[in-house]
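Observations on the three-dimensional arrangement
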Amino acid sequence: METIQRTKIVDVLKSTAYGSTVNVKGWVRTRRGSKQVNFIALNDGTTINNVQIVVDTELFGEEFLKPITTGASLSVNGVLVQSQGKGQSVEIQAKEIEIYGTADPATYPLQKKGHSMEFLREIAHLRLRTNTFGAVFRIRHNMAYAIHKFFHDRGFFYFHTPIITASDCEGAGQMFQVTTKNLYNLKKDENGSIIYDDDFFGKQTSLTVSGQLEGELAATALGQIYTFGPTFRAENSNTPRHLAEFWMIEPEVAFNDINDNMDLAEEFIKYCVQWALDNCMDDIQFLNNMFDKELIARLQGVLKEKFIRLSYSEGIKILEEAVAKGHKFEFPVYWGVDLASEHERFLVENHFKCPVILTDYPKEIKAFYMKQNDDGKTVRAMDVLFPKIGEIIGGSEREADYDKLYNRIQELHIPMKDMWWYLDTRRFGTVPHSGFGLGFERLLLFVTGMANIRDVIPFPRTPKNAEF
Ligand code: 4AD
Ligand code: MG
């Protein structure tokens, strides 16, 4: 076969160099044909769109074409011609075809469409080859890029926080332990507690639930930073919105109060959604048509409105009124309750019909580091609530006062030996500062319209599942 420089299918489809000979390589989506002519839809992952290869059946012979079935990989030399069929601009008239690898239809699991999402999760190693997951993971890449660009353009520094840690940032005790100890022969003290002196780090360590605490160290030196890394939570939540391993983006800004923090969160998330609409439209259009006819309208919707800002207490009042009028929630509503996703979505989807930023939550349901309000009951928290998702961002202004922070740590019995370095930010040159965390996969749920968080991360980790 003649050696010709490969052209990516995304570029071929935009080309008008009719009559020129090109090479494309990719995987067969479908082949259909007759005695005269065969049509191969070829995809190389560069775009949701396939290029159509037109094959003279006689020229190649039916025997040669037989193994070219869904999933087979090919290299094709051919002439670029303007397409006769509708819906595509160009096609390739094959001159030479090399079959790299076949995919026996008797065993290749991805045949025509119609596979359930559950089935595709069981073959997550191959689901990447479907149109749907191609679209999702091209969007995922684009969102990661947009996030770095957003912060870089605004003078934030990308700061790398450790994955192995000895402190529990969120204080929820949902951490995965990291140890090299022999679990069959654990050394214990006279009270039966495990001794960690001889463990790898000489103390008990875990996978991080958040990079925030170290992020604050950097923000109070570099001014404005963000983290973007893997995050681990051993919460046994089998929901369409929880993963045991997910990615979080955590900006932290010195001198920002909660209002600046809300402005940043709103600008940030709108930027990401706008970026998706501007750069991923083919994929979004596909997902809109396949799964969720409201997707594009919903994305455009959040860009239009200024997010509603109201306090947790006001939010509870609205929910209580809804209950009084006969609305049924699965979980109870009262001041002090940790809102469930159904409550958050009621405020966003039924009541305001627009994203909501809820502030000033009861201190009992929020982490120790949040700035305490003068009422003694609430803290300067802010959660951004989104349609279809519920909480997409959680953040706060931080407690900058050493004594108040110290006392809160004591009240919550957080071991002070883990916190001395964090407290030093308040001991030396303390400043007001704020930050938040965006769950990357929650953002992707929103942008792709996928219904389950397991379908926006390549290889999901959830309770009882760590395959691939
Ligand atoms: O509200 P969270 O727990 O806040 C923090 O971790 C803070 N340290 C953030 C900060 O202020 N720097 O988590 C932040 C976001 C949530 O709003 C949600 O989008 C996502 O992280 N998240 C999860 N995403 C997937 N699976 C899980 N188990 C998640 N837990 C939280
Ligand atoms: Mg939260």
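Model, not experiment: these values are computed from the prediction. (Residues numbered from 1 in each chain as written. Chains lettered and ligands numbered in written order. Predicted model: local features only at pLDDT ≥ 70, side-chain atom pairs only at ≥ 80, totals over all residues. Heavy atoms only, no water.)

1. Considering the overall build of the protein chain
Note the cut-off: The numbering of helices and of strands both runs from the N terminus, where a helix is a DSSP run of H or I of at least 4 residues and a strand a run of E of at least 2. Note on classification: 1.4 Å probe, protein chains only; a residue is buried when its accessible area is under 20% of the maximum for its type, exposed when over 50%, partly exposed between these limits. In this analysis, two residues are considered to be in contact whenever any of their non-hydrogen atoms come within 4.5 Å of each other. Using a 1.4 Å probe, the Shrake-Rupley method yields the accessible areas, and only the shown protein chains count as cover for residues. Under the counting rule used here, the positive set is Lys and Arg, the negative set is Asp and Glu, and His together with the chain ends is not counted. For the purpose of locating charges, the reference atoms are NZ of Lys, CZ of Arg, CG of Asp and CD of Glu.
Along the backbone of the protein chain there are 15 helices and 16 strands. When the backbone C-alpha atoms are referred to their principal axes, the protein chain occupies close to 85 × 60 × 45 Å. Residues counted as buried form 51% of the 468 residues belonging to the protein chain. In the protein chain, the proportion of contacts linking residues at least 24 apart, taken out of those at least 6 apart, comes to 67%. Entry remark: accessible area of the protein chain is about 22700 Å², with carbon and sulfur atoms responsible for 51%. Where the 53 positive side-chain charges of the protein chain centre and where its 62 negative ones centre are 5 Å apart.

2. Focus on the domain arrangement of the protein chain
For clarity, the cut-off: Throughout the structure description, domain borders are defined by an automatic or database domain assignment. Note: buried area is the sum, over both parts, of the accessible area (probe 1.4 Å) each one loses when the two are combined.
For the protein chain, the domain assignment lists domain 1 (9-101) and domain 2 (127-174 + 209-455). Centre-to-centre, using C-alpha coordinates, domain 1 lies 45 Å away from domain 2. Taken residue by residue, the interface counts eight residues in domain 1 and eight residues in domain 2. A combined buried area of about 600 Å² lies between domain 1 and domain 2, and 41% of that area is made up of carbon and sulfur atoms. Three residues, Trp 27, Arg 29 and Ile 48, lead the burial of domain 1 against domain 2; their summed loss comes to 73% of the area buried on that side.

3. Examining the pairing of strand β3 (residues 51-56)
The line we're drawing: Strand pairing follows a simple DSSP-based rule, namely that at least 2 bridges must link the two strands.
β3 sits mainly inside the fold: five of its six residues count as buried. In this sheet, β3 lies alongside strand β2 (residues 37-43) in antiparallel orientation, the contact comprising six bridges. Across the sheet, residue Ala 41 finds its bridge partner in β3, namely Gln 52.

4. Details of the pairing of strand β5 (residues 90-101)
Two strands pair when backbone bridges link them, and β3 and β5 are joined in this way by three bridges, in the parallel orientation. Looking at the pairing, Ile 53 lines up with Ile 92 of β5. Direction of pairing for strand β4 (residues 73-82) relative to β5: antiparallel, over a ladder of 10 bridges. By the bridge assignment for β5, Val 76 is matched with Ile 97.

5. Section: helix α12 (residues 341-352)
Stated formally: In this scheme, a helix's expected span is set at 1.5 Å multiplied by one less than its residue total.
Its 12 residues place the ends of α12 15 Å apart at the C-alpha level, agreeing with the 16 Å of an ideal helix rising 1.5 Å per residue. Taken together, the buried positions of α12 are Ser 341, His 343, Glu 344, Phe 346, Leu 347 and Val 348. Those residues of α12 that are buried lie in contact with α11 (312-324), β13 (356-362), β14 (378-386) and β15 (390-397). Immediately beyond the C-terminal end of α12, within one or two residues, lies Lys 353, with a positive phi of roughly 55 degrees.

6. A look at the site of ligand 1
Rules: Working definition: residue near molecule or strand if any one of its non-hydrogen atoms lies within 4 Å of it. Under the rule applied, a polar contact is a pair of N or O atoms within 3.5 Å (in protein, one hydrogen donor and one hydrogen acceptor; residues adjacent in sequence only if both atoms are side-chain atoms).
Near ligand 1 lie 24 residues; those nearest to it are Glu 170, Gln 212, Glu 235, Glu 250 and Glu 391. Glu 235 is positioned with one of its side-chain polar atoms (N or O) 2.8 Å from a nitrogen atom of ligand 1. Within the complex, the protein chains bury 94% of what would otherwise be the 630 Å² of accessible surface of ligand 1. Sorting the residues of the shell around ligand 1 by element identifies β11 (245-254), β15 and β16 (433-439) as the ones contributing at least two each. For the shell around ligand 1, the leading source of residues is β15, giving five residues.

7. Topic: a nonpolar patch on the surface
We apply this condition: Nonpolar side chains (Val, Leu, Ile, Met, Phe, Trp, Tyr) are joined into patches within 5 Å and like charges within 9 Å, using only residues with over 30% relative accessible area and no salt bridge. The salt bridge criterion pairs a side-chain nitrogen of Lys or Arg with a carboxyl oxygen of Asp or Glu, the two atoms within 4 Å.
On the surface, Ile 163, Ile 164, Phe 200 and Phe 201 cluster together into a nonpolar patch covering about 390 Å² of accessible area. Tracing the chain through its elements places Phe 200 in the loop between β8 (177-178) and β9 (205-207).

8. Focus on the sheet that holds β14
Taken in spatial order, the eight strands of this open sheet run β6-β10-β11-β16-β15-β14-β13-β12, and their pairing is mixed. For this open sheet the edge positions go to β6 (157-158) and β12 (308-311), each flanked by a neighbour on one side alone. Where β13 and β14 come together, six bridges link them in antiparallel fashion. Looking across to β14, one finds that Pro 362 is bridged to Thr 378.

9. Focus: the environment of Ser 206
Locating Ser 206 in the fold gives a position in strand β9. Assessed through its relative accessible area of 9%, Ser 206 is described here as buried. Residues Ser 206 and Val 178 lie 28 residues apart in sequence; the distance between their C-alpha atoms is 4.8 Å.

10. A closer look at the state of the cysteines
To keep it simple, the criterion reads: A pair of sulfur atoms, both from cysteines and within 2.5 Å, is called a disulfide here.
Inspection of every chain in the model, using the stated rule, returns zero disulfides. The thiol of Cys 272 is unpaired, and the distance to the nearest cysteine sulfur, on Cys 280, comes to 11 Å.

11. Focus: unusual backbone geometry
A positive phi angle, near 55 degrees, is found at Asp 360, a position not held by glycine. Of note, Asp 360 is situated in strand β13. Look at Lys 464: it is not a glycine, yet its phi comes out positive at around 65 degrees. By the element assignment, Lys 464 lies in the segment after α15 (440-448).

12. Brief notes about the environment of Arg 454
With respect to the secondary-structure elements, Arg 454 resides in the segment after α15. Expressed as a C-alpha distance, the spacing of Arg 454 and Ile 389, which sit 65 residues apart in the sequence, is 14 Å. Each residue touching Arg 454, except ones within four places of it in the same chain, is listed here: Arg 121, Arg 127, Asn 238, Thr 239, Pro 240, Pro 460 and Thr 462.

13. As for the sheet that holds β9
Strand order in the open sheet formed by three strands is β7-β9-β8, with antiparallel pairing between adjacent strands. In the strand order of this sheet, the two ends are held by β7 (164-165) and β8, each with one partner. Sheet topology note: the β7/β9 ladder contains two bridges and is antiparallel. Bridging from a neighbouring strand, Thr 165 pairs with Ser 206 of β9.

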